[in-house]
Amino acid sequence: MSGVASYFAELPYRNSALAALMTLSMSVITIAQAEDVPSYRETQLGLYVSAREAYDLLQQEEDALLIDVRDPVEIKFTGFAEPTDIHVPWVLTDTTQFDADSKTWPTVRNANFAEQIRAALEAHQANDDTPIIVMCRSGATRSAPAADLIAEMGFSQVYSVSDGFEGGTLAEGDSKGVRARDGWRNSGLPWSYDVNPDTAWYESK
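Chemist: Which residues make up the nonpolar core, and what values go with them?
Modeler: Of all hydrophobic cores here, the largest spans 23 residues; its most connected members are Ile-117, Leu-121 and Ile-150. Taken together, the elements giving at least two residues each to this core come down to β2 (65–68), α5 (113–123), β7 (132–135) and α6 (143–152). Setting aside its immediate chain neighbours within four residues, Ile-117 contacts Ile-67, Ile-86, Val-88, Leu-149, Ile-150 and Met-153. Residues Val-49, Leu-57, Leu-58 and Trp-184 belong to the second largest nonpolar core, which totals 16 residues.

Chemist: Requested: an account of the packing of α5 against α6, with residues and values cited.
Modeler: Running from N to C, α5 and α6 cross one another at 65°; their axes reach a closest spacing of 11 Å. Between α5 and α6 the crossing geometry is right-handed. Contacts between α5 and α6 pair Phe-113, Ala-114, Ile-117 and Leu-121 from the former with Ala-146, Leu-149 and Ile-150 from the latter. Across the contact of α5 with α6, the residue classes break down as 7 nonpolar, no polar and no charged.

Chemist: Explain the sheet that holds β2 to me, using residue names and the numbers behind them.
Modeler: Spatial strand order, β1-β8-β7-β2-β4: 5 strands in an open sheet with parallel pairing. Each end of this open sheet is capped by a strand with a single partner; those strands are β1 (48–49) and β4 (86–87). The sheet contact formed by β7 and strand β8 (residues 158–161) spans 3 bridges and is parallel. Paired with Ile-133 across the strands is Tyr-159, a residue of β8.

Chemist: Talk me through the layout of surface pockets; I want residue IDs and the actual numbers.
Modeler: Of the volumes computed, that of the largest pocket is approximately 390 Å³. What lines the largest pocket is a set of 16 residues, among which Glu-74, Val-91, Thr-93, Thr-107 and Arg-142 lie closest to the centre. When contributions to the lining of the largest pocket are tallied by element, the ones reaching two or more residues are α4 (72–78) and β5 (91–93). With 3 residues, the single largest contributor to the lining of the largest pocket is β5. Here the second largest pocket defines a volume of roughly 320 Å³. Around the second largest pocket, the lining is made up of 17 residues, and of these His-87, Val-88, Gln-116, Ala-120 and Lys-205 lie nearest the centre. With 5 residues, α5 is the largest single contributor of residues to the lining of the second largest pocket. In terms of residue class, the lining of the second largest pocket is built from 7 nonpolar, 5 polar and 5 charged.

Chemist: Report on a negative patch on the surface, specifying residues and quantitative values.
Modeler: Residues Glu-61, Glu-62, Asp-63, Asp-128 and Asp-129 make up a contiguous surface patch of negative charge. Along the chain, Asp-63 falls in the loop between α3 (51–60) and β2.

Chemist: Requested: an account of the environment of Trp-191, with residues and values cited.
Modeler: With respect to the helices, strands and loops of the structure, Trp-191 is situated in strand β11 (residues 191–192). Taking the C-alpha atoms as reference points, Trp-191 and Thr-78, separated by 113 residues in sequence, lie 9.9 Å from one another. Beyond its immediate chain neighbours, meaning those up to four positions away, Trp-191 contacts Thr-78, Gly-79, Phe-80, Ala-81, Glu-82, Phe-165, Trp-184 and Arg-185.

Chemist: Help me get a handle on the pairing of β7, residues and values and all.
Modeler: On any regular strand, side chains alternate: one points to one face of the sheet, the next to the other face. Going residue by residue along β7, you find Ile-132 and Val-134 tucked away on one face and Ile-133 and Met-135 tucked away on the opposite face as well. Direction of pairing for β2 relative to β7: parallel, over a ladder of 4 bridges. When the bridges of β7 are listed, Leu-66 appears paired with Ile-133. A crossover connection joins β7 to the parallel β8 through α6; in handedness this β-α-β unit is right-handed.

Calculation criteria
- Residues numbered from 1 in each chain as written.
- Predicted model: local features only at pLDDT ≥ 70, side-chain atom pairs only at ≥ 80, totals over all residues.
- Heavy atoms only, no water.
- Core = buried A, V, L, I, M, F, W, Y, C linked by side-chain atoms within 4.5 Å.
- Buried < 20%, exposed > 50% of the residue type's maximum accessible area, 1.4 Å probe, protein only.
- Helix = DSSP H or I, 4+ residues; strand = E, 2+ residues; numbered from the N terminus.
- Contact = heavy atoms within 4.5 Å.
- Axes fitted to C-alpha atoms, helices over the stretch in contact; angles between N-to-C directions.
- Left-handed = near helix turned anticlockwise from the far one by under 90°.
- Nonpolar A, V, L, I, M, F, W, Y, C, P; charged D, E, K, R; others polar.
- Pairing = 2+ DSSP bridges.
- 1 Å grid on protein atoms, 1.4 Å probe; cavity = no way out; pocket = protein on both sides within 12 Å on 5 of 7 lines; lining within 4 Å.
- Points joined across faces, edges and corners; volume = space filled by probe spheres on them.
- Patch = residues over 30% accessible without salt bridge, like charges linked within 9 Å, V, L, I, M, F, W, Y side chains within 5 Å.
- Areas by Shrake-Rupley, 256 points an atom, 1.4 Å probe, with all protein chains shown as cover.
- Salt bridge = Lys/Arg side-chain N within 4 Å of Asp/Glu carboxyl O.
- Lys, Arg positive; Asp, Glu negative; His and termini not counted.
- Charge placed at Lys NZ, Arg CZ, Asp CG, Glu CD.
- Right-handed = clockwise from strand over helix to strand, strands pointing away.

None of this, on its own, says anything about what the molecule does.
Shown next, in the form of structure tokens:
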């Protein structure tokens with residue numbers, strides 16, 4: 001805990017306004033000083049939020065933007081966070097091929113990601129200090145590099161959602177291997193299988 005947080009924690013709560021200020025201050029400190037992030041989840045700015053913290057940040061900061069960088073095929077079957085402002089996939093399923101070794105269709109980088117994300121941010125009138133929250137399935141190989149690219153565009157508050165939309169897998173039990181731990185979908189946050197037509201990404205958009 002920082003010195004500022006410790007100082008406020010020791011003060012008696014004289015009224016509800018001070019209590020609210022303390023809660024907000026601690027929330028910001030928690031978000032900004034996330035620790036113990038595995039190297040494959042690290043970002044250049046070092047800013048991370050859990051799905052719950054991402055939702056809180058969206059409520060606290062009116063101009064904050066939530067970006068989903070998952071494949072549309074993935075979203076179709078797993079759902080979409082309702083507050084999502086921007087959808088631009090980092091990678092796309094290549095249905096022209098099939099990987100026999102991994103027994104699935106391969107993914108390829110969205111070659112137009114930088115151009116598309118920049119246009120979307122401009123459409124939302126994002127400033128250099130606009131809070132930008134990037135989310136993929138589990139907070140690793142897509143949200144982290146996407147957050148880095150957005151940071152390289154000059155944005156200073158780019159967060160990666162550490163547990164992503166689906167969260168982590170269960171380690172045991174009948175549902176072992178199922179993504180049912182943490183993440184946006186498992187945290188009681190608003191989501192749906194319906195995608196906002198104004199937000200949805202598609203090839204010809």
